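Each chain, written out:
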Amino acid sequence: MANVIVNRVIDFLKNFPPFSFLSAELLAQVAQEVDLVYYEKGEFLFQKGEPAKSYFFVVKEGAIKLTDHIDEKEETVEICDEGDVFGVLALLGKRPYILDAIADEPSLIIAVPVGIFEKVLEENNKVSLYFASGFASGQVVVRSGLSQTQKVRALFGGKANHYGLMLFSGQTSIQYSHPVIHCHTGNNIAEAVEKMSRGKVGSIIIVDENKHPRGIITDKDLRNRLIAQNLPYDTPVEKIMSHPVVTAGKDLEFSQVYLNMVKHRLHHLVFTEDGSADSPLLGIISDHDILLSQGNSPAVLIKALQESHDIHELAKLRNQAEGMLRYFLENELAIDFIAGILTEINDTLIRQAIAMARARHEANFPEVRDMQFCFLALGSEGRGEQLLRTDLDNAIVYEDVSEELKEKAQDYMHLLARDVMDILFACGFLSCPAEMMANNPRWCQPLSQWKDYFSQWIREPDPQSLMMATIFFDFRAVSGKQALAEALTQHVYEAISQGKLFLNFFAKNALLNPPPLGFFRNFMVEKSGKHAEKFDIKLRAMMPLADAARVLILSHQVVGINNTFKRYEKLAELEPQQAALYRDAGKAYEIFMRIRALEGLSTDSSGRFIQPDSLSKLQRQLLKNAFFPIDEIQKILKVRFQLDYFGN
């Protein structure tokens, strides 16, 4: 009978951290030493101030309520359910308990002796880090937990090996273009150019009667050896072709192909049956093809975007960035690094879209084509936090022009905005449901109109104005004349300094989404609609921190820091007395960004709505720990902006 109980304890504990980190042998030793204790509803396991017991607890069945008395009123701090570990002060510091533990319903508890577990702590770094980082319920080390979460996740999670960051890692086969556009020796340049044009290629292989490659002609050869030399188009191809051709075999690995091209300073490499020039032509690869195949290298991907002027190719490149994002997240790279890379990729894409749109339309608008304008990213992209291709928020500000040019300027900007947005949609970004995008004429305006918008929002902070301010105050210059964005920023701060009550209203607006604390056994989930029973991580966790950071950074009149966790870093410098809390808030926001991005990649969605049951016990505890700074930050807003004096 004893063995049956031990086996059941093993089967239960192995599913929950930190026991899931133990070897089967060590877990069996622990299971043999534990006690199973039953508690009726309302029965105390321990009380605040009581000396720590020689064991800690794991909930097997039921629920345990951890409470504290504040101003003679009992407040629930946390509710522990199946698999939760609590009462660990006996394990960590043998200090008196700081909370009461009461059975919230009939409960079966596993009591784990400290003695058997002290050896585990010494020998298993994952277990010790689990406790030290505040993952056990009811601990007082939440802040040290948040400061170590990246290290914790790196240890607890598996590394992803299916995407490569280093050039060529994980890629062994080569994909060359075939069939190859070619012509024969004896043909003239006119025939070769006609084939190149029909095939929409920038090079053509010259072959003999056996289809053995004898030379190559590129666009550069046509410029330098034909046009520059004033040769006629009936010149034989042999006259200007580059030769001999460097060839390779079809079975070469990718890295060997690339090294071959580097060694010979080649822009093209020709593939033949046996790898020699005296063998039939099979295919060709260009350095541009190499570039496109290496999308997991950020620098290579960005360079490819900069050189591409084809919508389908831009879309393909942006799709490749998803694989890179997954690799970054699963290998625990810092969120600020990931966000910086994805922001640069998105910005590069926008700049290319603008260049393509200008090339298409500027000839039709000679009067205003040199007019200065600036493309602004708003919302999460304005903050440099858009990891997934969610809906777009952006705008265009352009310089004020004379009355007679206003209509021309407006038409030109609207056409540019339309084309840029169409390219972004083709690259997988979603349309903003509220149409807060540059292709909406309302958000494609001259500087004077933008100043009027912000002045009105600040002067009349009604709910609609506050909503607009929340979206538009995070604007960031992506492309064009940055001085226009700077002028708008200066105007915003001047207007805020004149409308002194605006920040109070803005701060009150930031409290519309309270932290999801108090919902301990289940996350605060949506009650109805298509997302019913799902946790809205954007509304419940991310927005409260982003909104608070925006208000606080505006109150300090700090210019040029839009990113939420960088705002909290700056606030920690500006307010050293609150530095620890601000650093925690920044770390919490990074946790939410990471979890949302991983959810989005796994479900092919925005990642906003999360099924709580899909989270592991460790992820749930990580989220709970990250909720705590929200409440503390909102308390600062209430006091600093005297929000108790502001009515509904």
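The coordinates are above.
Here the structure is a predicted model, which means the values were calculated and not measured.

(A) Broad picture of the environment of D474. Relative to the assigned elements, D474 resides in the loop between α18 (463-472) and β18 (476-480). When its relative accessible area of 0% is taken as the criterion, D474 is described as buried. Along the primary structure D474 and R550 are separated by 76 residues, whereas in three dimensions their C-alpha atoms are 8.0 Å apart.

(B) Layout of the nonpolar core. Counting 155 residues, the largest nonpolar core has F19, F117, F131, F472, F473 and F592 as its most contacted members. Dropping the residues within four chain positions of it, F19 is found in contact with L13, L27, V30, F56, V58, V85, V112 and F117. Formed by 14 residues, the second largest nonpolar core is a distinct cluster that contains I64, L66, C80 and I109.

(C) Inspection of the sheet that holds strand β2 (residues 44-46) at higher detail. Pairing is antiparallel in the open sheet, where 4 strands are placed in the order β2-β7-β4-β5. Since the sheet does not close on itself, it has two edges, and those belong to β2 and β5 (73-80), each with one partner. The mean inter-strand angle of the sheet, taken between neighbouring strand axes irrespective of direction, is 35 degrees. Sheet analysis places β2 next to strand β7 (residues 100-103), joined by 2 bridges and oriented antiparallel. Considered in β7, the bridge of F44 is made with I102.

(D) How the structure looks around the layout of surface pockets. Here the largest pocket is characterised by a volume of approximately 910 Å³. Taken together, 38 residues line the largest pocket, and the ones lying closest to its centre are R383, D393, I471, K538 and M543. For the lining of the largest pocket, the element with the most residues is helix α21 (residues 537-555), which contributes 7 residues. Here the lining of the largest pocket is built from residues that sort into 20 nonpolar, 8 polar and 10 charged.

(E) Quick peek at the pairing of strand β16 (residues 394-398). Among the 5 residues in β16, 5 count as buried, and that is most of the element. Of the two faces of β16, the one holding N394, I396 and Y398 and the one holding A395 and V397 are both buried throughout. Two elements, strand β15 (residues 373-377) and β16, share 5 bridges in a ladder whose sense is antiparallel. Following the sheet pairing, C374 is matched in β16 by V397. Handedness of the β-α-β unit built from β16, helix α16 (residues 406-426) and strand β17 (residues 444-446) comes out right-handed.

(F) How the structure looks around the sheet that holds β18. One open sheet accounts for 4 strands, arranged β17-β16-β15-β18; its pairing is mixed. Both edges of this open sheet fall to β17 and β18, since each of them pairs with a single strand only. For this sheet, the mean angle separating the axes of adjacent strands, direction not counted, is 30 degrees. Sheet analysis places β16 next to β17, joined by 3 bridges and oriented parallel. Within β17, the residue paired with Y398 across the bridge is P446.

(G) Spatial organisation of the packing of α18 against helix α20 (residues 502-509). Remark: α18 packs on α20, axes separated minimally by 10 Å, with the N-to-C direction vectors making an angle of 85 degrees. Overall, the two elements α18 and α20 adopt an arrangement that is roughly perpendicular. Across from L466, A469 and T470 in α18, the residues of α20 making contact are F502, F505, F506 and N509. Here the contact of α18 with α20 is composed, by residue class, of 5 nonpolar, 2 polar and no charged.

(H) Structural view of the pairing of strand β8 (residues 107-113). For β8, the buried fraction is high: 5 of the 7 residues fall into the buried class. Pairing analysis gives 5 bridges linking strand β1 (residues 35-39) to β8, with the strands arranged antiparallel. From the neighbouring strand, L36 faces β8, where its bridge partner is I110. Relative to β8, strand β3 (residues 55-61) runs antiparallel, the two being bridged by 6 bridges. From the neighbouring strand, F56 faces β8, where its bridge partner is V112.

(I) Geometry of the environment of D68. In this fold, D68 is placed in strand β4 (residues 64-70). Between the C-alpha atoms of D68 and I98, which are 30 residues apart in sequence, the distance is 7.9 Å.

(J) The pattern of salt bridges, seen in detail. Taken as a whole and judged by the stated rule, the model has 29 salt bridges. Measuring nitrogen to oxygen at the nearest pair gives 3.2 Å for the salt bridge that ties R214 to D208. Take R214: its relative accessible area is 28%, and that puts it in the partly exposed class. The network of salt bridges with shared partners includes R383, E385, D474, D547, R550 and R567.

(K) Main features of the packing of aromatic side chains. Under the counting rule described, the total for this entry stands at 29 aromatic pairs. Relative to F328, the ring of Y327 lies with its centre 6.4 Å away and its plane at 65 degrees, an arrangement referred to as edge-to-face. The pair Y327 / F328 is uniform in exposure class, with both members buried. Ring pairing ties together the aromatic residues W443, W450, Y453, F454, W457, F472, F473, F475, F502 and F506, which thus form one cluster. Here K60 stacks its cationic end above the ring of F12, 5.3 Å away from the centre of that ring. Above the face of the Y453 ring, R442 is positioned so that its terminal group lies 6.0 Å from the ring centre.

(L) Here's a closer look at unusual backbone geometry. Between P17 and the following residue, P18, the backbone shows a cis peptide bond with an omega angle of 5 degrees. In this model, N230 sits at a positive phi of 55 degrees, which is unusual for a non-glycine residue. Looking at the secondary structure, you find N230 in the loop between α9 (219-227) and β12 (247-249). Among the residues examined, N230 registers a relative accessible area of 69% and is labelled exposed. Phi is positive for Q557, which is not a glycine, with a value near 55 degrees. On the accessibility criterion, Q557 (44% relative accessible area) is partly exposed.

What counts as what
Residues numbered from 1 in each chain as written. Predicted model: local features only at pLDDT ≥ 70, side-chain atom pairs only at ≥ 80, totals over all residues. Heavy atoms only, no water. Helix = DSSP H or I, 4+ residues; strand = E, 2+ residues; numbered from the N terminus. Buried < 20%, exposed > 50% of the residue type's maximum accessible area, 1.4 Å probe, protein only. Core = buried A, V, L, I, M, F, W, Y, C linked by side-chain atoms within 4.5 Å. Contact = heavy atoms within 4.5 Å. Pairing = 2+ DSSP bridges. Axes fitted to C-alpha atoms, helices over the stretch in contact; angles between N-to-C directions. 1 Å grid on protein atoms, 1.4 Å probe; cavity = no way out; pocket = protein on both sides within 12 Å on 5 of 7 lines; lining within 4 Å. Points joined across faces, edges and corners; volume = space filled by probe spheres on them. Nonpolar A, V, L, I, M, F, W, Y, C, P; charged D, E, K, R; others polar. Right-handed = clockwise from strand over helix to strand, strands pointing away. Parallel < 35°, antiparallel > 145°, perpendicular 65-115°, else oblique. Salt bridge = Lys/Arg side-chain N within 4 Å of Asp/Glu carboxyl O. Phe/Tyr/Trp six-rings, centres within 6.5 Å; stacked < 30°, edge-to-face > 60°. Lys NZ or Arg CZ within 6 Å of the ring centre and 35° of its normal.

Interpretation note: all reported values are geometric properties and have no functional meaning in isolation.
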